[in-house]
Amino acid sequence: MKGAKPRLVIDNDAVTGAPAAPGWLSNHAKAEWRRVMPSLVKRRILTKADLGSLENYCIAMGRVRQLEADLQVKFDPALFRAQDKAMTTGRQLASELGLTPVSRSRPTVREAGDDSEDLSPLDI
């Protein structure tokens, strides 16, 4: 992807409490949900509308871990391809959710009530 990443801004509809992982997720996916949810809630950038993307991210990362366990038992080129695809999907979704070092370093999260960037130079 090329171009500047959009700035993340605290959303007034942000999820304020960490919802439990959906019951249908695999154990690995639930573990990932529990790992990232506190950070996302603290930064107040995740809304209910984003939970589907978070579920997909957790599924991808859970799949990576399960495929790694399978690969340690049996060499299978198809498993390598599936794992690579899951890693790519997970990385893309992680970036969208602000879970990568690069995606966290680019945006500036504006605190609630901080409208200083909205001032015109003539207002000073």
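Since the model is a prediction, treat every value here as computed from it, not as a measurement.

**Student:** What am I meant to see in the overall build of the chain here?
**Tutor:** Along its length, the chain carries four helices and zero strands. Moving toward the C terminus, one meets the helices and strands of the chain in the order α-α-α-α. Going through the 124 residues of the chain one by one, you find that 32% of them count as buried. Of all intrachain contacts in the chain linking residues separated by at least 6 positions in sequence, the fraction that spans at least 24 positions is 66%. As displayed, the chain offers around 8,400 Å² of accessible surface, 54% of which is attributable to carbon and sulfur atoms.

**Student:** What is the right way to read the nonpolar core from this model?
**Tutor:** Nonpolar side chains in soluble globular proteins generally cluster together in the buried interior. Of all hydrophobic cores here, the largest spans 20 residues; its most connected members are Trp33, Leu54 and Tyr57. No other element matches the six residues that helix α1 (residues 27-43) contributes to this core. Filtering out sequence-adjacent residues up to four positions away, Tyr57 remains in contact with Glu32, Arg35, Val36, Gly90, Leu93, Ala94, Leu97 and Leu99.

**Student:** Any chance you could explain unusual backbone geometry here in plain terms?
**Tutor:** Residues apart from glycine generally show negative phi values, whereas peptide bonds are mostly found in trans. Phi at Arg44 takes a positive value of approximately 55 degrees, unusual for a residue other than glycine. With respect to the helices and strands, the residue Arg44 is situated in the loop between α1 and α2 (51-73). Note on Arg44: relative accessible area 29%, which makes it partly exposed.

**Student:** Whenever I open this one, α1 confuses me. Can you help?
**Tutor:** The α-helix winds at 3.6 residues per turn, so residues separated by three or four positions along the chain end up facing the same way. Its 17 residues place the ends of α1 25 Å apart at the C-alpha level, agreeing with the 24 Å of an ideal helix rising 1.5 Å per residue. Helix geometry: α1 is bent most strongly at Val36, by close to 35 degrees, with proline Pro38 lying one to four residues after it. Burial in α1 covers these residues: Ala29, Glu32, Trp33, Val36, Met37, Leu40, Val41 and Arg43. Two residues or fewer past α1, Arg44 is found with a positive phi of approximately 55 degrees.

**Student:** Is there a simple way to explain the packing of α2 against helix α3 (residues 77-96) in this structure?
**Tutor:** Think of two packed helices as two axes; the pair is described by the angle between the axes and how far apart they sit. Following both chains from N to C, one finds α2 and α3 inclined at 150 degrees, their axes separated by 8 Å at the closest point. Here α2 is positioned roughly antiparallel relative to α3, judged by the angle of their axes. Between α2 and α3 lies a crossing of left-handed hand. Here α2 contributes Ser53, Asn56, Tyr57, Ala60, Met61, Arg63, Val64, Leu67, Glu68, Asp70 and Leu71 to the contact with α3, which in turn contributes Leu79, Phe80, Ala82, Gln83, Ala86, Met87, Thr89, Gly90, Leu93 and Ala94. Grouping the amino acids of the contact of α2 with α3 by side-chain chemistry returns 13 nonpolar, five polar and three charged.

**Student:** Looking at this structure, I do not really get the side chain of Thr100. What am I missing?
**Tutor:** Relative to the elements of secondary structure, Thr100 occurs in the loop between α3 and α4 (101-105). Of note is the side chain of Thr100, whose polar atom sits 2.7 Å from the side chain of Ser103. The contacts of Thr100, once residues within four sequence positions are left out, are Arg91, Ala94 and Ser95.

**Student:** I tried to follow the side chain of Glu32 on my own but got confused; where do I start?
**Tutor:** You can see Glu32 is positioned in helix α1. Residue Glu32 is classed as buried on the basis of its relative accessible area, which comes to 1%. Within polar-contact distance, the side chain of Glu32 engages the side chain of Arg35 at 2.7 Å. Those residues in contact with Glu32 that lie beyond four places of it in its chain are Tyr57, Cys58, Met61 and Arg65.

So, how was this worked out
- Residues numbered from 1 in each chain as written.
- Predicted model: local features only at pLDDT ≥ 70, side-chain atom pairs only at ≥ 80, totals over all residues.
- Heavy atoms only, no water.
- Helix = DSSP H or I, 4+ residues; strand = E, 2+ residues; numbered from the N terminus.
- Buried < 20%, exposed > 50% of the residue type's maximum accessible area, 1.4 Å probe, protein only.
- Contact = heavy atoms within 4.5 Å.
- Areas by Shrake-Rupley, 256 points an atom, 1.4 Å probe, with all protein chains shown as cover.
- Core = buried A, V, L, I, M, F, W, Y, C linked by side-chain atoms within 4.5 Å.
- Expected span 1.5 Å × (residues − 1).
- Bend = angle between axes of the 7 residues up to and from the residue.
- Axes fitted to C-alpha atoms, helices over the stretch in contact; angles between N-to-C directions.
- Parallel < 35°, antiparallel > 145°, perpendicular 65-115°, else oblique.
- Left-handed = near helix turned anticlockwise from the far one by under 90°.
- Nonpolar A, V, L, I, M, F, W, Y, C, P; charged D, E, K, R; others polar.
- Polar contact = N/O pair within 3.5 Å; in protein donor to acceptor, adjacent residues only side chain to side chain.

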